[in-house]
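Summary of structural features
Spelled out from the first residue to the last, the chains are:
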Amino acid sequence: MRAYRGHLLHIGGAPQLAQVSDHLVSVPDGVLVVDDDGVIVFSGEYAGLPVDLAGADVTDCRPGYLLPGFIDTHIHFPQTYCTDSYGGGQLLDWLQRCIFPAEARLADAEVARRTARDFCRRRVEVGTTTALVFGSAFPDAQDALFTESLRVGLRTISGRGIQTVGPAAAGPLLTDEAAAIDLSAREIDRWHTAHPLLQVAVVPRFALSVTAQTLAALGELYDSVRAAGVYFHSHLSENLLEIDAVRGSLDVSCYLDAYDGRVGRAGGPTLLGPRSVLAHAVHCTDGELARLAETGTSISHCPTSQQFLGSGTMPWRRTTANGVTVALGSDVGAGDEWLMARVANDCFKVHISEPGSAGLSIPPAQLLFTATLAGAQALDIEDRVGNLDAGKQADFLVIDPQRQPLLPELLERVDAEDTDRLLFTLLLGMREAAISEVFVQGRRLTAEASMPTA
Ligand code: GUN
Ligand code: ZN
């Protein structure tokens, strides 16, 4: 049993977006007590520590803050070294010029291992304790990712990126349809129940990278593994040229129909559901948003990436008004920022910049929510992670403002009772230097840890 004393800041309970400001918990002299299984057994005022827990070893993190670990619901493992894509242009050109060639390099086992090591190390450095990870086309690279994630102690959901059709640049990433289904099924068998920190997703790259036949076969595969808690992950309506191309190549009345068993207007098994997460949704119709909400499918909103690729932005008011769960994604490498606090900062900026009555100043509690608890809701693991409530697994960060120039001075100027203002200053102002410790299931993770050499 260990106790961590510091300023607790999190979204308590299990609210929906509209209620989160009432659920913002701030305990200036707080404590988390974590048992030997890595579960939070007490969360609250230090002065209120129950006598039976008073014997726990106390780590004094003051004047630090204890925040839930960040949850990144969309990040590309094979794009670890792609955050500087020069000359790429918008989505479809960028994929061909920069991304397909870069991702092809993971066919080399040594490149894949190094990428897995650097990817996991960056996640620890920025406190992304849970991530839904868009995988590599190459099964050995996926094995390297799962192996390294487990060794480091991160929570990872991932699946091989499936492509059965594409331009010449995508050639090394393509398989035929039978292999695509077989490789995903094998990945599920090998990794989905291998360890509680790991789970698998079925991940077609996007509607343009798979044929109608592949989508139908994936629907059948997903039907057979859905009950086991396997995820579905892809991209949706990110770019206008992409949407036109989807309409042209698949016989669908809207983009979402491609994932909803409706290619060729047929009624096949859907890929949507409570463990389905679609990245972007910048240009969805109200009908698509209603269908996402109806099926419990979530959106991973990636404002940093949407700016980098000139995609536009997911309309915040209209999307959330439709009742869809919106969580945040870095979308590294189209997103050039790994730290979810900075992605939340971009989220604030792009939505205050939406035109006319669409624009809004997102409250700080909602920003923290999208980077933590909403991610847990989108991933259907809200019972385990996402905040610092007793009973949850101890996935948390220690933020030490002293490690960042001027952050202590900014915080000092905030009235401690003004919790919204305090959270605004901390979340929008923090850089990764301020993250001093990262815990998953009560275990402290270290960024230095590297893969054992072969
Ligand atoms: N759509 C298809 N592939 C990708 C990708 O790698 N990144 C982004 N942002 N969108 C995509
Ligand atoms: Zn992406």
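Residues numbered from 1 in each chain as written. Chains lettered and ligands numbered in written order. Predicted model: local features only at pLDDT ≥ 70, side-chain atom pairs only at ≥ 80, totals over all residues. Heavy atoms only, no water.

Every residue near ligand 1 is listed here: His76, Gln79, Leu91, Trp94, Leu95, Arg205, Phe206, His235, Glu238, His280, Asp331 and Ala334. A distance of 2.8 Å separates an oxygen atom of ligand 1 from a polar side-chain atom of Gln79. A distance of 2.7 Å separates a nitrogen atom of ligand 1 from a polar side-chain atom of Glu238. Burial of ligand 1 by the protein amounts to 100% of the accessible area it has alone, namely 280 Å². The class makeup of the residues in the shell around ligand 1 is five nonpolar, four polar and three charged. (Near = heavy atom within 4 Å. Polar contact = N/O pair within 3.5 Å; in protein donor to acceptor, adjacent residues only side chain to side chain. Areas by Shrake-Rupley, 256 points an atom, 1.4 Å probe, with all protein chains shown as cover. Nonpolar A, V, L, I, M, F, W, Y, C, P; charged D, E, K, R; others polar.)

What follows deals with the coordination of the zinc ion (ligand 2). For the zinc ion (ligand 2), the protein coordination sphere consists of His74 (NE2), His76 (NE2), His235 (NE2) and Asp331 (OD), at 2.0 to 2.2 Å. Its four donor atoms give the zinc ion (ligand 2) angles of 89 to 171° at the centre, a pattern that matches the irregular case. (Donors = N, O, S within 2.8 Å, 3.2 Å for Na, K, Ca; no water. Tetrahedral: all angles 85-135°; square planar, octahedral: opposite > 155°, others 65-115°.)

Okay, the confidence of the model for the chain next. One rule of thumb: low pLDDT means the predicted coordinates there are not for detailed reading. Per-residue pLDDT for the chain has a mean of 96; in total, 99% of the residues score no lower than 70. Below pLDDT 50 for its whole length, residues 450-454 participates in eleven contacts with residues either more than four positions away or in separate chains. (pLDDT = per-residue confidence, 0-100. Contact = heavy atoms within 4.5 Å.)

Now for the environment of His7. With respect to the helices and strands, the residue His7 is situated in strand 1 (residues 2-11). For His7, a relative accessible area of 9% gives the class buried. Each C-alpha atom, one on His7 and one on Asp29, is 5.4 Å from the other, the two residues being 22 residues apart in sequence. Every residue in contact with His7, bar those within four places of it in the chain, is listed here: Ser26, Val27, Pro28, Gly64, Tyr65, Leu66 and Leu422. At a separation of 2.8 Å, a polar atom in the side chain of His7 contacts the side chain of Ser26. (Helix = DSSP H or I, 4+ residues; strand = E, 2+ residues; numbered from the N terminus. Buried < 20%, exposed > 50% of the residue type's maximum accessible area, 1.4 Å probe, protein only.)

Turning to the nonpolar core, a few remarks are in order. Counting residues in hydrophobic clusters, the biggest one holds 133 residues, and the most contacted among them are Phe70, Val202, Leu236, Tyr259, Ile399 and Leu427. If one sorts the elements of this core by residue count, helix 1 (residues 91-104) sits on top with seven residues. When residues no more than four places from it in sequence are discounted, the contact partners of Ile399 are Gly64, Tyr65, Leu67, Leu426, Met430, Ala434 and Ile435. The next biggest cluster of nonpolar side chains, apart from the first, holds 13 residues, and it includes Leu8, Val27, Leu388 and Phe396. (Core = buried A, V, L, I, M, F, W, Y, C linked by side-chain atoms within 4.5 Å.)

A word on the environment of Ala358. Tracing the chain through its elements places Ala358 in the loop between helix 10 (340-352) and helix 11 (364-371). Counting along the chain gives 110 residues from Ala358 to Gly248, while the straight-line C-alpha distance between them is 30 Å.

At a minimum axis separation of 8 Å, helix 11 and helix 14 (residues 419-429) run at an interaxial angle of 45°. Overall, the two elements helix 11 and helix 14 adopt an arrangement that is oblique. The handedness of the crossing between helix 11 and helix 14 is left-handed. Two secondary-structure elements touch here, helix 11 through Pro364, Ala365, Leu367 and Leu368 and helix 14 through Asp420, Leu423, Phe424, Leu427 and Leu428. When its residues are assigned to classes, the contact of helix 11 with helix 14 shows eight nonpolar, no polar and one charged. (Axes fitted to C-alpha atoms, helices over the stretch in contact; angles between N-to-C directions. Parallel < 35°, antiparallel > 145°, perpendicular 65-115°, else oblique. Left-handed = near helix turned anticlockwise from the far one by under 90°.)

So, about unusual backbone geometry. The linkage connecting Arg62 with the following residue, Pro63, adopts the cis geometry, with an omega of 5°. If you trace the backbone, Pro63 turns up in strand 4 (residues 57-68). In the segment running from Val332 into Gly333, the intervening peptide bond is cis, with an omega of 5°. Assignment of secondary structure puts Gly333 in the loop between strand 13 (326-328) and helix 10. Positive phi, close to 90°, is recorded for His280, a residue that is not glycine. Note on placement: His280 falls in strand 11 (residues 276-280). Overall, His280 belongs to the buried group, its relative accessible area being 0%.

This brings us to the sheet that holds strand 16 (residues 443-445). Pairing is mixed in the open sheet, where seven strands are placed in the order 3-2-1-4-14-15-16. Two strands lie at the open edges of the sheet, namely strand 3 (40-45) and strand 16, each paired on one side alone. Averaged over all pairs of adjacent strands, the angle between their axes in this sheet comes to 40°, without regard to strand direction. Both strand 1 and strand 2 (residues 24-34) contribute to a ladder of nine bridges, which runs antiparallel. Across the sheet, the residue bridging to His10 is Val25, located in strand 2. (Pairing = 2+ DSSP bridges.)

Moving on, we get to helix 2 (residues 109-126). Between its first and last C-alpha atoms helix 2 spans 26 Å; for 18 residues at 1.5 Å apiece the expected length is 26 Å, and the two agree. Among all positions of helix 2, only Val111, Ala112, Thr115, Ala116, Asp118, Phe119, Cys120, Arg123, Val124 and Val126 are buried. As for helix 2, its buried residues are in contact with strand 5 (70-76), strand 6 (128-134), helix 3 (139-152), strand 7 (155-159), strand 15 (435-440) and strand 16. Structurally, the start of helix 2 carries an N-cap: the backbone nitrogen of Glu110 is 2.8 Å from a side-chain oxygen of Asp108. (Expected span 1.5 Å × (residues − 1).)

All right, on to the pattern of salt bridges then. Taken as a whole and assessed by the stated rule, the structure comprises 21 salt bridges. In this structure, Arg62 engages Asp60 in a salt bridge whose closest nitrogen and oxygen atoms are separated by 2.7 Å. The exposure class of Asp60 is partly exposed, given its relative accessible area of 43%. Arg97 is the partner of Asp93 in a salt bridge, and the nearest nitrogen-oxygen pair spans 3.9 Å. A residue pair is termed a helical-turn pair when its members lie 3 or 4 positions apart in one helix, as Asp93 and Arg97 do in helix 1 at four residues. (Salt bridge = Lys/Arg side-chain N within 4 Å of Asp/Glu carboxyl O.)

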